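# Structural description and commentary
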Number of protein chains: 2
Amino acid sequence: MNGAESLVNTLTAGGVAVCFANPGTSEMHVVAALDRLSKMECVLCLFEGVVTGAADGYARMAEKPACTLLHLGPGFANGLANLHNASRAQVPMVNIVGQHATYHLVHDTPLTSDIAAFARPYSKWLRSCEATTEIGRDAAEGLIAARTAPGQIATLIVPADIAWSEGGVTGHPGHAPKAALPSKEKIESVARMLRSGARTAILLSGDALYGSGLATAGRIATATNTKLLAPYPFARIERGAGAPIVDRVPYPRDQAIEQLKEFRQLILVGARAPVAYFAHPGKDAVATPADCKIATLADPGEDYRGALVALEAALGLHGIQYEAEKLDRPVAPTGSITLPGLAAAVASVLPENAIVADESMTSGRGIFAAARGCPPHDWLACTGGSIGIAMPLAVGAAVACPSRPVLCLTADGSGMYTLQALWTMARKGLRVTTVIFANRVYEVLRRELSSLGIGNPGPRASEMFVIGNPDLDWLSLAKGMGVPGSRANSLDEFVKALRHGFESEGPSLIEVAV
Amino acid sequence: MNGAESLVNTLTAGGVAVCFANPGTSEMHVVAALDRLSKMECVLCLFEGVVTGAADGYARMAEKPACTLLHLGPGFANGLANLHNASRAQVPMVNIVGQHATYHLVHDTPLTSDIAAFARPYSKWLRSCEATTEIGRDAAEGLIAARTAPGQIATLIVPADIAWSEGGVTGHPGHAPKAALPSKEKIESVARMLRSGARTAILLSGDALYGSGLATAGRIATATNTKLLAPYPFARIERGAGAPIVDRVPYPRDQAIEQLKEFRQLILVGARAPVAYFAHPGKDAVATPADCKIATLADPGEDYRGALVALEAALGLHGIQYEAEKLDRPVAPTGSITLPGLAAAVASVLPENAIVADESMTSGRGIFAAARGCPPHDWLACTGGSIGIAMPLAVGAAVACPSRPVLCLTADGSGMYTLQALWTMARKGLRVTTVIFANRVYEVLRRELSSLGIGNPGPRASEMFVIGNPDLDWLSLAKGMGVPGSRANSLDEFVKALRHGFESEGPSLIEVAV
């Protein structure tokens, strides 16, 4: 058994079932081992930002890590922007990055680079294999690190000679350490706050936003007349009819302040208190009122679900039914395209069990609220603010949940960063319906320029915001990668195209001029 | 004058004429300053890998730095792969990277990251501005660092509040330090080697491969019966009829060994002795014969042209005419597509004064040799081995030399990494003819797998090499970004499409199925 084989055997033994890959020469022995030994599903992506974004989407839905296979420093670097997002999503992920043979590094050949320097910022666990006999153990430890709450990025750098040499030993990935419960004092203290009668919100994160975590939070909120909130950059929410009611903190600072002004108490469950993404001259970034008491039920990495169960017990709650969203969706709108109309259109047809991968920053901002009364579905957001995540995220979610329809909401600006994801959707026949809101501008920048009080942009600034001239033709881009597309010029057409997309067995794309 | 204005004024004063940009919120004041104050040409790119690759291509042709404008850590990270190549090309470049307001960083908002950690590996000069009064000075120092021989990457991180505050002072970029001449002893020693009569090659790099540097090298080579060589990963060569004869060291290790075996002496001018890009089990990476004496005329960063002039003087050469390439191009080939036919086709029509941006790793490998007798032209190669450079490089070269036709040679695999460059070609109406060799496979990987002796790939490995299923349709991809395209199914059609491309005022794309 060579090193590469022990690596693959260890990952397989640890339950890693999918490898998102863009390998190169230095990873050939890992490719060969994947080929011969494993039943791992290997998903080729034509750009590394797709690889890491897909691994993120997979982990959010599968609740376990995929591995990635990346080529040296530059290949890894191409994946960094979506690793940034994955790091903020706190998902588990194991990156396998090839390196030159150890004895080759001295030559400083063209592709030599400091892989560890690039990997360090987002890798909670980082190791470069030093011996063939240890790759298996390294991979097992990396896998445990990835699975450690709340979910971490682990990166293993694998020199080619260590991979190709004989002497590999399969590692045994044990269980990740159990996430710790918060102290009794913390739980009691939060229970007292909830009993106080002061207007309170609970800001949820991680696995408190879906499954049993969200159900417990819902019961607590209903019993104590407390508001459940999600941060704007949440990783995943289970929502729609039957789910507890959760409001999202808005992206624009002024709207967040307006939403939060009623609360005298804010309880954090793995989350941070809301702050504006960016500073603006003369404005405070903090969105909570000055007299709002902020307390932590569970710190990031603690057991959110356990903490909520303990809180429920401390409150002495029994037999509570949480107040649930009611099934309440608009009828399909018709006529000219408007932003509220687009939101209603999505809400009118979103299928039960859908997964929405959403980075529509401006045109699609109303869709999340409009869809709250849809049949049960999951929503995935951009956690790190680095654009170019929606299509890769949709790839990963669709690989994790092949029977569920995936709706990908993006725009012409953000979509261009990682459009290569469309090809992987086509190759794998993924059930992803991608909507491109084509506003022909980096609209968020135009708004920011105005909100910074800089005034009207001149021609040189406009040249840097406006994506038109030439307009991107997304039907052609999709066709170029094997994804059928259509253009919606009215709400009727948009609804029809969405329906068609959700009914398709494979991917489709809809360009909407807004 | 605010900080952003002092930054822009300083760069303008220092002769920076072009900004390749993909800005975000944190760079809005720099955008506003570029808008109001400068005549700088701002070139929007829809992905940061295009930004950095274009700045590289610009610098290779303009022989001076462009600046880039990038958004925070993730935006900078997206540019790293082509910064890797630029770093190996040793070109001058000034990166301006926005950062959150200094007082905002404490909130660790979603887009916060360690920009300096990403910037450090490739930035020979790196600074984060600490005061508005100092941005001008910082920019001036960064610009001098970028211009320091042989050409360096300088990165300036600009916090938003430091940019928007009043109190900026325009800096005064002085001259970069003159590159040092090698010692007299070194020059004398090399002169003795050249007089010895042993079979000798001179491996040139940087500005010794074009202009007066290459002419001097040509005279020395002719007078001493020495062979001129370029490394496989060269930044720029001036070649074609009338230029000194320079052979390129081949990429495949065995071919490099074959080429170099006749030489008993190798003189390095800013270059490193040839070594295989990758290690292979049981094979030595060094390509020079064991008994070949390797000597350095000029180390990287020394004055290559001055060193060659001094060497010429030390050899007592006067009135030498270098042996030049003769105008000798094939007639346009016809018939079915073959690799030699493709090479002959390009060579038959390459126009005088063309610039070729080349990263065709497999299908196009014969073109460089075939074009040696074409009219004078420049050739730009991938210096760092990170693929996805050709189209961005072509953008930069075309912005630097708007009147010259640019030929971009890439493939379906490599082209996909940075295909967004096509949009910038369309927007700016750049005279770039892009050729996509569509072999539907990461061919270099298939070859490597075989050369590593791993044997025939099974289905899972093939899935990771083969780009087909679905085939990429580059005509549609180009159309989606506003670039007219055609498909060549024969050599006749390829020649015709090339001619048409070279005659066009704007960009075009040719897909060639190989």
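Right above here is the structure, for reference.
Here's a quick rundown of the structure. The residue numbering used here restarts from 1 in each chain and proceeds along that chain's sequence as written. Ligands are numbered from 1 and chains lettered from A, in the order in which they are written. It should be noted that, the model being predicted, local features are given only for residues of pLDDT at least 70 and side-chain atom pairs only at 80 or more, the latter also being counted only at that level, while totals for whole chains, interfaces and linings use all residues. Each side-chain value is derived from all of the structure's non-hydrogen atoms; neither hydrogens nor water enter the calculation.

## Focus: unusual backbone geometry
Outside of glycine, negative phi angles account for most residues, and trans bonds account for most peptide bonds. A cis amide bond links Ala149(A) with the next residue in sequence, Pro150(A), at an omega value of 0°. The secondary structure listing takes helices from DSSP runs of H or I that are at least 4 residues long and strands from runs of E that are at least 2 residues long, numbered from the N terminus. Among the structural elements, Pro150(A) can be located in the loop between helix H7 (135-147) and strand S6 (153-159). At Asp108(B), a position not held by glycine, the phi torsion is positive, near 50°.

## Thoughts on the sheet that holds strand S3 (residues 67-70) of chain B
All names here are of chain B. The pairing criterion is simple: DSSP has to find at least two bridges between the two strands. The strand order across the open sheet built from 6 strands is S2-S1-S3-S4-S6-S5, with neighbouring strands paired in parallel fashion. Each edge of the open sheet carries a strand with a single partner, namely strand S2 (41-44) and strand S5 (125-128). Averaged over neighbouring strand pairs, the angle between their axes works out to 20° when direction is ignored. Two strands pair when backbone bridges link them, and S5 and strand S6 (residues 153-159) are joined in this way by 4 bridges, in the parallel orientation. Its bridge partner lying in S6, Ser128 is registered against Ile157. Each axis is a line fitted through C-alpha atoms, and for a helix only the stretch in contact is used; angles between axes span 0 to 180 degrees, taken between their N-to-C directions.

## As for the interface of chain A and chain B
Every residue pair with non-hydrogen atoms within 4.5 Å of one another is taken to be in contact. Facing the 98 residues of chain A at the interface are 98 residues of chain B. Note on definitions: buried area is the accessible-area loss of two parts on being combined, 1.4 Å probe, summed for both. For the pair chain A and chain B, the summed buried area comes to about 8,300 Å², and 64% of that belongs to carbon and sulfur atoms. When residues of chain A are sorted by the area they lose upon contact with chain B, Pro110(A), Arg460(A) and Met464(A) head the list and together hold 9% of the total. The salt bridge definition used is simple: a Lys or Arg side-chain nitrogen within 4 Å of an Asp or Glu carboxyl oxygen. Linking chain A to chain B there are 9 salt bridges. Among the ionic pairs, Arg272(B) bridges to Asp108(A), the shortest N-O distance being 2.9 Å. A 3.5 Å cut-off defines polar contacts: any pair of N or O atoms within that distance qualifies, except that in protein one atom must be a possible hydrogen donor and the other a possible acceptor, and neighbouring residues in sequence count only when both atoms are side-chain atoms. Counting across the interface, chain A meets chain B through 56 residue pairs in polar contact (both at pLDDT 80 or more). Examining the composition of the side of chain A that touches chain B, we find that 7 residues originate from one element, helix H2 (residues 28-37) of chain A, more than from any other.

## Section: the relation of the copies chain A and chain B
Alignment of the copies relies on least squares applied to C-alpha atoms, considering only residues that score at least 70 for pLDDT in both. Once turned by 180° and shifted 0.0 Å along the axis, chain A lies on chain B with an RMSD of 0.0 Å. With respect to symmetry, the two chain copies, as superposed, fit the operation of a two-fold axis.

## Section: the pairing of strand S7 (residues 200-204) of chain A
All names here are of chain A. The element S7 is extensively covered by neighbouring structure, given that 5 of its 5 residues are classed as buried. What you see with S7 is no split at all: Thr200, Ile202 and Leu204 on one side and Ala201 and Leu203 on the other are buried throughout. In the sheet, S7 pairs with strand S11 (residues 265-269) via 5 bridges, with the strands oriented parallel. By the bridge assignment, Leu203 is partnered in S11 with Leu268. Relative to strand S8 (residues 227-230), S7 runs parallel, the two being bridged by 3 bridges. What sits directly across from Ala201, in S8, is Lys227. Accessibility here uses a 1.4 Å probe with only protein chains present; expressed as a share of the type maximum, an area under 20% marks a residue as buried, one over 50% as exposed, and anything in between as partly exposed.

## Focus on the packing of helix H3 (residues 48-62) of chain B against helix H5 (residues 80-89) of chain B
All names here are of chain B. Between H3 and H5, the least distance of the axes is 8 Å, while the angle of their chain directions is 20°. On the basis of the axis angle, H3 is roughly parallel to H5. Handedness of the crossing formed by H3 with H5: left-handed. Note on element contacts: H5 touches H3 through Asn82, Leu83, Asn85, Ala86 and Ala89, opposite Gly49, Thr52, Gly53, Asp56 and Arg60. Counted by class, the contact of H3 with H5 contains 3 nonpolar, 5 polar and 2 charged residues. The labels follow the angle: roughly parallel below 35 degrees, roughly antiparallel above 145, roughly perpendicular from 65 to 115, and oblique for the rest. Helix crossings are classified by the rotation of the near helix relative to the far one: an anticlockwise turn of less than a right angle makes the crossing left-handed, while a clockwise turn makes it right-handed. In this classification, Asp, Glu, Lys and Arg are treated as charged, Ala, Val, Leu, Ile, Met, Phe, Trp, Tyr, Cys and Pro as nonpolar, and every other residue, Gly included, as polar.

## Considerations on the pattern of salt bridges
Per the stated rule, a full pass over the model turns up 65 salt bridges over all chains. Arg427(A) is the partner of Glu463(B) in a salt bridge, and the nearest nitrogen-oxygen pair spans 3.9 Å. In this pair, Glu463(B) is assigned in helix H19 (residues 459-465) and Arg427(A) in helix H17 (residues 421-428), connecting two distinct chains. Taking relative accessible area as the criterion, Arg427(A) reaches 11% and is therefore assigned buried. A salt bridge links Lys479(A) to Asp473(B); the nearest nitrogen and oxygen atoms lie 3.5 Å apart. Highlighted residues: Lys479(A) in helix H20 (residues 474-480) and Asp473(B) in the loop between H19 and helix H20 (474-480), drawn from two different chains. Look at Lys479(A) and you get exposed, because its relative accessible area is 53%. Through salt bridges with shared partners, a single network forms among Arg440(A), Asp471(A), Asp473(A), Arg487(A), Glu511(A) and Lys479(B).

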